[in-house]
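# Summary of the model geometry
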Amino acid sequence: MSYTITLIPGDGIGPEIAEVTKECIESTGVKITWEEKTAGEAAIEKYGTPLPDEVIESVKKNKIALKGPITTPIGTGFRSVNVALRHALDLYACLRPCKSYEGVASPFKGIDLVLVRENTEDLYAGIEFRKGEAVTAELIDYLSKKSQRKIREDSGISIKPISISGTQKIVRFAFEYAKANRRKKVTAVHKANIMKFTDGLFLEVARQVAQEYPEVQFEDRIVDNLSMQLVMRPHEYDVLVLPNLYGDILSDLCAGLVGGLGVAPGGNIGETAAVFEATHGSAPKYKGMNKVNPAALILSGVMMLRYLGEKEAADRLEKAIAEVLREGKEVTYDLKPTRNDPSAVGTREMGQAIVRKLKK
Ligand code: NAD
């Protein structure tokens, strides 16, 4: 079987980790034709937009993509390409496994958590009103009248929509994942005590959906409490299902539990397409230095192979990565005991070590 997959190298450290990931995936023997598409900084220079239509068209056609990180300017400029892509393709579920690998230093051992983050709603819906604009003043006036609460005139506003249908889809996804992967428990994460009509709705719908899956345990946790529990007793949790913002924040927290962003993979999955990418961003200060850890994107490639049904190739690639991590020799600076360890290898060299394990 041969596949055509859209490859979006991205910007910052994206192109270098994407190149290494491509080589590792090809070394499994799975036949892939890569359709490479430019998005991010390089696309702005070439097309005047960070997300040209042809990128979305390519993923729609191929139904699957591997993506490097893309920089989002803070506060000004273009909206996030990552968020726009997830919206355009309705990639409603963000799947982020956080698993301990031997050899990767971290405060805990034996962690095997999976975050299922809602990807299209919540404060990330992109509905925002800039401070000082006429439409914002109008909205402030309307809301102040309707809610009997004063909103300061010099406010900016971001809207947080959470729907029954969106929540049903993501919670079902979490339970289906739990069932298919023999997981025991799903925990819904929220702040329903404060945001009764959004997080409250999320919790109410999660409880209803949970009744369809009596074979999987269900519980809920308030997000602040869960943040503390995760850093004290992470082994008590299994699959977490979260609205968009909490999912984003706790993904990085859980990556920290297993040794950092260098080993945290992910996939954005919808009904008709899927885009696999690491949890980390474009780390611009390391751009072009052949320095950062490619493992998170390669592990995202492992997830992609599993999604394609290439289980045996996925298992072999994960085992090769795990061996390189366990040996701890040919690994990048972030996986060494100290940041300036002279024995750290570069991105390419770590990739080559993984390829050698695969070919053994
Ligand atoms: P970041 O994840 O890019 O980097 C934070 C720090 O984590 C880095 O300085 C580095 O020390 C470490 N790090 C990250 N990836 C690493 C790797 N592979 N190996 C070793 N160390 C690694 O987060 P940031 O600095 O907040 O964001 C930079 C840019 O990336 C921003 O523009 C942000 O919007 C964007 N971003 C994109 C995505 C995405 O494309 N999906 C995700 C998150 C952030």
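What counts, and at which threshold
Residues numbered from 1 in each chain as written. Predicted model: local features only at pLDDT ≥ 70, side-chain atom pairs only at ≥ 80, totals over all residues. Heavy atoms only, no water. Domains from an automatic or database assignment. Helix = DSSP H or I, 4+ residues; strand = E, 2+ residues; numbered from the N terminus. Buried < 20%, exposed > 50% of the residue type's maximum accessible area, 1.4 Å probe, protein only. Pairing = 2+ DSSP bridges. Axes fitted to C-alpha atoms, helices over the stretch in contact; angles between N-to-C directions. Contact = heavy atoms within 4.5 Å.

### Overview of the domain arrangement of the protein
One can read the domain layout of the protein as domain 1 (1-92 + 266-360), domain 2 (107-121 + 162-257) and domain 3 (125-161). For domain 2 and domain 3, the distance between their C-alpha centres works out to 30 Å.

### Regarding unusual backbone geometry
The phi dihedral of Asp90 falls on the positive side, at around 50°, and the residue is not glycine. Mapped onto the elements, Asp90 comes out in the loop between helix 4 (81-88) and strand 4 (93-99). Under the relative-accessibility criterion, Asp90 is labelled partly exposed at 35%. At Ala283, a residue that is not glycine, the phi angle is positive and equals roughly 30°.

### A few points about the sheet that holds strand 9 (residues 217-222)
Pairing is mixed in the open sheet, where ten strands are placed in the order 2-1-3-12-11-4-5-10-8-9. Looking at strand neighbours, the two that pair on one side only are strand 2 (31-36) and strand 9, the edges of this open sheet. Each strand of the sheet is rotated relative to its neighbour by a mean of 25°, with strand direction disregarded. With six bridges joining them, strand 1 (residues 2-8) and strand 2 adopt parallel strand pairing. Each residue of the ladder has a partner; that of Thr4, found in strand 2, is Thr33. Across the face of the sheet, helix 4 comes into contact with strand 1, strand 3 (64-67), strand 4, strand 5 (112-118) and strand 11 (267-269) while running at roughly 170° to strand 3.

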